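Next come the chains, spelled out residue by residue.
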Amino acid sequence: MARWHRPQHFPTFNTLGLRTITATIQDSGTLSVQHSITLNVVNSAPVPVITQPAAGQSHPAGAPYTLRGLATDANETIPCTLLAWSISGWPSRCKGRPHRCDVTVVFDAAAPPTSG
């Protein structure tokens, strides 16, 4: 008859790289067998996605428009507060703008866009 030895706590590793994982089974006597695998622990980059507007879409100057986006990450949950927006032709004024998933802007033909 096999015995199940359940660990009380698994440690959290704070580094990336190769890990060897081993499972050991021992019968009621003295026979035991191990099986090991190697696992490569990686941290992938987050992926930002603009959901609105669609690429190439037209929008009238002077009218408010909501930009929407999100970010995904295989390793963690990414909050909207980490999503930063920038607009070509307006780089200096986009710095420090609100970090969120929805940003309302106005594209004025005579001036840089305003954000709210």
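Draft legend 1. Local environment of unusual backbone geometry. A cis geometry characterises the amide bond from Gln-52 onward to Pro-53, with omega recorded as 5 degrees. Its location among the elements puts Pro-53 in the loop between strand E3 (47-52) and strand E4 (64-72).

Draft legend 2. Structural view of the pairing of strand E1 (residues 17-26). Note that E1 and strand E2 (residues 32-41) share 10 bridges and pair antiparallel. Pairing of Ile-21 across the sheet is with Ile-37, part of E2. Where E1 folds back onto E2 in an antiparallel hairpin, the turn is made up of 5 residues.

Draft legend 3. Examining the side chain of Asp-73 more closely. Relative to the helices and strands, Asp-73 resides in the loop between E4 and helix H1 (91-94). Among the polar contacts made by the side chain of Asp-73, one reaches the main-chain amide nitrogen of Asn-75 at a distance of 2.7 Å. Those residues in contact with Asp-73, other than ones at most four positions away along the chain, are Ser-44, Ala-45, Pro-46 and Ile-78.

Draft legend 4. Summary view of the confidence of the model for the protein. Mean pLDDT over the protein works out to 79, with 76% of the residues at or above the 70 mark. Model confidence for the protein, summarised as mean pLDDT per element, is weakest for H1 at 43 and strongest for E2 at 94. Residue range residues 91-96 is modelled with pLDDT below 50. Its contacts to residues more than four positions away, or to other chains, number 4 contacts.

Draft legend 5. Focus on the environment of Pro-46. With respect to the secondary-structure elements, Pro-46 resides in the loop between E2 and E3. On the accessibility criterion, Pro-46 (46% relative accessible area) is partly exposed. Sequence separation between Pro-46 and Asn-75 is 29 residues, and the spatial gap between their C-alpha atoms is 8.4 Å. Beyond its immediate stretch of four places on either side in the chain, Pro-46 contacts Thr-72, Asp-73 and Ile-78.

Draft legend 6. Quick look at the state of the cysteines. For the structure shown, the criterion picks out 1 disulfide. Across a sulfur-sulfur distance of 1.8 Å, Cys-80 and Cys-101 are joined as a disulfide pair. Its S-S torsion of about -85 degrees marks the bond between Cys-80 and Cys-101 as left-handed, since a negative value means left-handed. Of this pair, Cys-80 sits in the loop between E4 and H1 while Cys-101 sits in the loop between H1 and strand E5 (102-106), and the two are 21 residues apart along the sequence. Classification of Cys-80 as partly exposed rests on a relative accessible area of 33%.

About the criteria used
- Residues numbered from 1 in each chain as written.
- Predicted model: local features only at pLDDT ≥ 70, side-chain atom pairs only at ≥ 80, totals over all residues.
- Heavy atoms only, no water.
- Helix = DSSP H or I, 4+ residues; strand = E, 2+ residues; numbered from the N terminus.
- Pairing = 2+ DSSP bridges.
- Polar contact = N/O pair within 3.5 Å; in protein donor to acceptor, adjacent residues only side chain to side chain.
- Contact = heavy atoms within 4.5 Å.
- pLDDT = per-residue confidence, 0-100.
- Buried < 20%, exposed > 50% of the residue type's maximum accessible area, 1.4 Å probe, protein only.
- Disulfide = S-S within 2.5 Å.

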